Amino acid sequence: MSFRLRRFRSVLAAAAGALLLTLVAAAAPLIAAIYGAGPQDTFADDLDAYGMPYGIAGGVSTVHWLGLEPGLGRDLMIQIVYGLRTSLTVAAPAVLLATALGTVIGAVAGLLGGWVDALLTWLTDVAIALPLLLCAIAVIRPLELAFYGPRDAVPGTFRMTVLIGLFGALGWTGVARLVRGQVRALREREFVTAAVALGAGPGRILGREVLPHLGPPITAGAALLLPTFTSAGAALSFLGLGVLEPTPDLGRTIQRSLGYLQTDPAYVIFPGLALVLLVFVFTVLGESVRRAFDPGPGR
Amino acid sequence: MAFALVLAACAACTDNPRGGASPEEDPVRQPTGVIATDPAASRGPAPETAGAVPGGTVTVFRQTALARLDPQRIYSFMGLSISQLYARRLTTFADDGSGKLTLVGDLAETPGTDVNGDCRTWEFRIKENVRFETGAPVTARDIAYGIARSFDLTLAGGPTYLQEWLSGTPQYDKAFDFEKDKAALPPGVEVPDDRTLRLRFPKAQCDLPFAAALPATAPVPAAADTGLDYDRAPVATGPYKIEGRTGDTELRLVRNPQWDPATDATRHQYPDRFTLAFGADPVAQTNRIMAAQGPDASAVSFDGVPPSLLSRVTGDPALDPRMLRSQTPRLTMLSINTRRVTDLSVRAALNRAVDRESLVKALGGAAVARPLTTLLPPSTIGWHAYDAYPKSAVDVAGAGELVLAHADDAEGQLAATSLATGLRAAGFTITTKAVPADNYLPEIQKADNPWDLYLDSWAPDWPSGAAVLPALYDGRSINAEGGNNGTSYLDARPLDAEFDRIQALPIDEQSPQWAALDEKIMREYAPVVPLYTELTCTIRGPSVGGLFVDSVFGSLAFVNAFVTP
Amino acid sequence: MRRLLSRVAVGLLTLAAVSVLTFLLFFAVPRDPAAAMCAKSCDSARLERIRAEWGLSDPVPVQYLSFVGRLVTGADGCPAPCLGRSYAGGEPVSDVLAHALPITVSVVVPAAVLWMTCGVLLGTLAAARPGSLTDRLVGALSLAGLALPLYLVGAVLLLILVYGTGTLPPPGWTPLTDDPGRWAGGLLLPWVALATTLAPGYTRLARAQVGDVLSADFVRTAAAKGLTGRAVVGRHALRASAGPLATLGALDVGAALGGTVITETTFGLNGLGRTVIAAVRADDLPVMLGAVLLGAVFVIGANTIVDGLQAVIDPRLR
C-alpha cells in the first residue's frame, strides 16, 4: 500500500512539474516583461574582450539570474524560458498529430484487414526505414521556398510547424501498431460480430463499436511521445537542423554551450538541466499514464 | 553523473572580474615581399631550423577530412599547406614566419624570367636532380602536363589563373580540350627542351611568378595520371610522400628518399612522418593538445583554438609558448549589393553605423578577429590603414528595408544576429534571411540575387593588391550568370583604367598604387562594409617545434616542423 | 521458408520505396548539382557539358531508372551493385561507404552488447525484489537516463575521463585489424555513452516483463516446488521476456547501424551518420542515396530478424 502511495505521490509531483513548465512556457512574454529583458536584447558591455561574461558563474547577478550567453551577451534565463516554449510548441501539437494519424491508420488496418492491412503495415516499415534527419533537411528547404519569397523573413514559427508535421508524419507508427492490435482483437469479439451480422457498415462499426474501446491503447501509445519529440527536437537543433536564430531553442543553446564546459560551466548546466528536467518530468508522467492504460501485459 | 554535476557546479562559481587583464594585441604583421633576383636564393639546402632534430611523428588535427590531394585540384587552406610537403611547384615563397617573404624558384632555378620585359612571355629553367618519388627526373614536360590537365573540367576545383591567362578567356575549357588529346599542350605553353618551360600570354601578366607558386604548377607524370583517382595517390616530388589513408579518418605521409635537399631552398625533412587525423572537433583538438598525452604531445590543431576555450588557454601562462597566433590575410566583409543599394550615402551610412566591436566579441574576441576598415588585408604588401567612415550617428532616411542574408550554420547565424542588432540600433530596418550553408556562396555569387547585404569573405592567393581589388571589384568580369569573385557587383567604368594601369606596372611599383586605389574605391563607392580579418590562434603539443603561421595564407606551415624526443 | 521469402520480397519493396522517396525528396527542391560542380566563371555551355556527363539533364524518372540499372547490372569500371560516384570530387560511393561503415559497426555492435547486458541485468535485478531499495533506485536511475541527452553525457565524460584525468585515451578510430587495443581504447567512451542512453529502455522493459512473469501462476508454482530464485528468474522469467527484449534490441541495432549521428558528432568519428548529413548538406545525391539505402537495409534486415525470432519464440506465429 505504502509503495502504491509513494508511486502516486511521484506521479503527482511529475504532474505538478509538467504543469509548472507548461505555465512558464506559456507565460514567457509575461515573464520577460516583468523580468526586464527580451530574448533579443544583448548586453555586450557585460562581456570581456573574449566575449565571456563578467562576474560569477557566467555573469549571474540580480539583473541576470542565470547569467549571460558568452559572445552575444543575451540573458540566459530568458533564452531558456523561451527555449522551453519552443520545445513544447513543437512537441505538443506533434503528439496530437502523430496520435491522430496512428489511430486512423491503425484502426483502418485492423478493421479492414487483408491487403489494406498489409499495405498499411508496409507503410509503417517505410516510415521506420526513412531517416528523420534526411527528411528534415530535405523537406525544410522546398517548403520555405514555396511559402516565402526570397526577401521575406521566415518566422521561427514556420520551422516549428515543419517540425510538427515531420514528427507527426514519422512518429505515428507506435500508436498505429497498438491500435491495430486492439482493433483486431475487438473485431473477433461478440458485440462487433453481432453488429456486422446486423448489417452495420464499417464506418458505423468503427464509430459506434470500436472507437470507444480505443482510449486506453491510444493513450498508452501516445503517453511517451511528448518526451520523445522533445528530445528529438533538441537533437535536431543540436545538429543545426532545427529552429534557427533568432528563435530561442534549448537544443541549439546546449550545442553552443558544450564548448564552454570548462570556461563557463554555468552556461552548460542551466540549459542542460532545463532540458533534462523537461524530458524527465514528461517521461515520468508518460510512464505512469501508460502503465495505467496499457491494454497488454508489460509495455 | 551526479559527481560530474557537483564538479561542474563548483567550477561554475569561478569569478571573472571586471577590469581583468585584456588580451594583448598582436602587432600588425606587415609583409615585405620581394621576388628573388639572385638565383642563389632559389638553391638548397634551406637554412637549418634552430633546435631541429630528425625523427618522430607530427600529428595534425582537423575536423573535416582533407578532401583533395591532387595538386591541380587543391584550393583549401589545409590542402595548400600540406601539399607543400609532397608537391613542389614552379615557384614558392621563402617565409620566415614574421612577414619577410621572398618568392624563389622551387622546381625552377629562378622565380621566372620575363623574356621581353613586357610580362607576356615567361621562361622557367627546371633544376637538375629534382625527382619524383619513383626516381624519374622531373622535366618541363611533366609540369606542362600538370598545367594541361588543369584545363579539364572533370578535374576542376583548383585555381584558374593560369588557364584563364593562357587562353585569354574565363571559358578556358573551350580554348583547349584536354580530354581530346592528352598529349597536346594548351595554348601558350611551350617545352623547347626537357628543362625549359615557356609560357606566353595574350595580355601582360606581371603577377605570374606569384600565381606559379600555387600547387597547380606541380608536375604530374602523364603515365601515372588516373584522372579523378589521381587524387588518392599523387606522385610526390617534395620531402614527403603519401603512404596511405584510412578513409576519412587518417592520412599518413612518410619521408620521400628521392627528395634532394640540395635542390630545395625552403623545405626540410626532419620528422619521420606526418599523420593527419580527422574527426575531432576544435574543442577536442585543443583539449587533447593541452593534455599532451602520447602522440598528442607532438600534435598541432589546424582548426585552431575555438572561441569557447580561448579564455582557458590564454589564461594559462604555461601554455603561452605553445600558442601560435598571427594575423591572416582572410577578409570578411558585409557585401553591399550595389545593384540594389544604389545610393552612396546609404552605403556610407552602413559603414558608419556598423558595430564591429560587438561582432568581434560575438565571434570570440580580440584573439579571433581584428576589426578592419580597409578593402585590403593588412598582410598585403604596401597596405596602409585608413578609416573612410568613422563610427557616428547616421541618417537612415532613404535606406528603406534592407535584407541581410547569411548562411544558416552556427557562425553565420551568430554574425548576422550581431550585425543586425548593431544596425537596428543605429536606426536601420533590417530583415535577416538564413540561406542553407551549402548553397550560400553560389546564391550570393549570382548577380541577380535578391538581397541587399550579405556576409562574404575572401583570401587573396598572393600578398598583392592585384589578388584582391581587381578580383573583387573589376566590373568588366561580371556577366549574366555571375561575376568576379566579389559580391557587391560594383561596375564602375572609371575604375577599369586604374586596374589596367596598375596591373601593367612592374611588380615592385604596384604596391603603393594598390593601397591608394583601395582608399579611392572605399571613399568614392563604398561597395562593402569591411568587417574584420581573421587571426589564427592555435596550439601545439610541447614536443613539436618549427611550426609557424605562413605570411601568404595565414595557415600553419609545416616545412620547418620537427619533433623533440 | 515461404514466410521468409515473402518477408524478403516485402523488404526489397520497402527498399525500392525508400530509394524513390529519397530521389523525390532530393529533387523536390529545384536544384542543380551541376552548378556546384561547375568551376569558377561558369557559363551555360559548360553547365550543359557537366549535366550531360553526369546524366543530370535527363528527367528525374529516367535518372532514377539509370540509377537502378547501374545498381543491378553495374556500369563501366563499376561492378554491380554500382552506386556511382560522388558529385563532390568523383570518389566512388562504394568507397565512401566502405570507409564509414566499419566505424559505425565498431561503435554500435559492442555498444549494443553493453547496453543490452547492463539494461537487462539491472531490470531483472530490480524485478527480483519488487519495491526494494534496489528496485526504486534502478527505476529512478533509468528514468533519469532516459532524459539525459547523449551529447551532454558525452561532453561531460570526455572532460572528466579524457581531458581531465587522462583515464581513457581520446576517442578515435583505428581499424580492429591494425591494433585491437587501440581500436577498443578509442571506442570505449562512445560505447559507454551510447549504452548510458540506451540501456534505460531495456532496464524498464526487463523490469516490467520479468516482473509480470514472476507474478504469473506458473512461476509461483515453480517457486513453490522449491526452485531457487535464481533458477526461477533464469529458467522461466527471462526466457518468457526474451521476445520483446529481442524485438527492441534488433530494432535499435538496425536503426543505429544506419548511422549514429549524435554519437559520431560528439566523439568526432566519421561514420555513416556523419556521411549522410554531409552528403545531404553538399547536395551529393549519389552518396546520400547510397548511405540511406544502406541504412534502410539494416532497419529492414532487423525487422525481418525480429519477425523470424518471434516465430521461433512464439510458435503460434508460424
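What counts as what
Residues numbered from 1 in each chain as written. Chains lettered and ligands numbered in written order. Predicted model: local features only at pLDDT ≥ 70, side-chain atom pairs only at ≥ 80, totals over all residues. Heavy atoms only, no water. Pairing = 2+ DSSP bridges. Helix = DSSP H or I, 4+ residues; strand = E, 2+ residues; numbered from the N terminus. Axes fitted to C-alpha atoms, helices over the stretch in contact; angles between N-to-C directions. Expected span 1.5 Å × (residues − 1). Buried < 20%, exposed > 50% of the residue type's maximum accessible area, 1.4 Å probe, protein only. Domains from an automatic or database assignment. Contact = heavy atoms within 4.5 Å. Buried area = accessible area lost by both parts, 1.4 Å probe. Salt bridge = Lys/Arg side-chain N within 4 Å of Asp/Glu carboxyl O. Polar contact = N/O pair within 3.5 Å; in protein donor to acceptor, adjacent residues only side chain to side chain. Nonpolar A, V, L, I, M, F, W, Y, C, P; charged D, E, K, R; others polar.

## A look at the sheet that holds strand β19 (residues 528–539) of chain B
Residue and element names in this part refer to chain B.
Right, on to step 1. Here we have 6 strands laid out as an open sheet, ordered β15-β19-β14-β18-β16-β17, and mixed in their pairing. At either margin of the open sheet sits one strand with a lone partner, and together these are β15 (369–371) and β17 (429–435). With strand direction ignored, the average angle separating the axes of adjacent strands in the sheet is 30°.
Right, on to step 2. Pairing of strand β16 (residues 401–407) with strand β18 (residues 453–458), which is carried by 2 bridges, proceeds in the parallel orientation.

## Comments concerning helix α6 (residues 156–171) of chain A
Right, on to step 1. End to end, α6(A) covers 22 Å across 16 residues, agreeing with the expected 22 Å (1.5 Å per residue, within 8%).
Right, on to step 2. Residues G156(A), F158(A), R159(A), M160(A), V162(A), L163(A), I164(A), L166(A), F167(A), G168(A) and G171(A) constitute the buried set of α6(A).

## Remarks on the domain arrangement of chain B
Residue and element names in this part refer to chain B.
Right, on to step 1. For chain B, the domain assignment lists domain 1 (64–245) and domain 2 (327–535).
Right, on to step 2. Summarising the inter-unit geometry, the C-alpha centres of domain 1 and domain 2 are found 31 Å apart.
Right, on to step 3. Between domain 1 and domain 2, the residue contacts involve 11 residues of the former and 12 residues of the latter.
Right, on to step 4. Together, the buried faces of domain 1 and domain 2 total about 1000 Å²; carbon and sulfur atoms form 68% of this surface.
Right, on to step 5. It is F77, D207 and F210 in domain 1 that bury the most area against domain 2; as a group they hold 45% of the surface buried on that side.
Right, on to step 6. Taken together, the links from domain 1 to domain 2 amount to 0 salt bridges.
Right, on to step 7. Counting across the domain 1 and domain 2 interface gives 3 residue pairs in polar contact (both at pLDDT 80 or more).
Right, on to step 8. Going through the elements one at a time, α4 (161–167) and α6 (208–211) are the ones with two or more residues in the side of domain 1 that touches domain 2.
Right, on to step 9. Its residues assigned to classes, the side of domain 1 that touches domain 2 shows 10 nonpolar, no polar and 1 charged.

## Notes on the pattern of salt bridges
Right, on to step 1. Here the structure, examined in full by the defined rule, presents 37 salt bridges over all chains.
Right, on to step 2. Taking the shortest distance from any N to any O, the salt bridge between E287(A) and R204(C) comes out at 3.2 Å. Taken as a pair, E287(A) in helix α13 (residues 265–293) and R204(C) in helix α8 (residues 180–214) lie in two separate chains rather than in one.
Right, on to step 3. Between E123(B) and R198(B) there is a salt bridge, with its nearest N and O atoms 2.7 Å apart.

## Topic: the interface of chain B and chain A
Right, on to step 1. Listed as interface residues are 47 residues of chain B and, on the opposing side, 40 residues of chain A.
Right, on to step 2. A buried area of about 3500 Å², summed over both sides, lies between chain B and chain A, and 55% of it is on carbon and sulfur atoms.
Right, on to step 3. For the chain B face of the interface with chain A, the top three residues by lost area are N16(B), R18(B) and K361(B), together amounting to 18%.
Right, on to step 4. Scanning the region where chain B abuts chain A turns up 1 salt bridge.
Right, on to step 5. Between R151(A) and D452(B) there is a salt bridge, with the nearest N and O atoms lying 2.9 Å from each other.
Right, on to step 6. Scanning the region where chain B abuts chain A turns up 10 residue pairs in polar contact (both at pLDDT 80 or more).
Right, on to step 7. Here the side of chain B that touches chain A gets 6 residues from one element, more than from any other, and that element is helix α8 (residues 307–314) of chain B.
Right, on to step 8. The class makeup of the residues in the side of chain B that touches chain A is 20 nonpolar, 17 polar and 10 charged.

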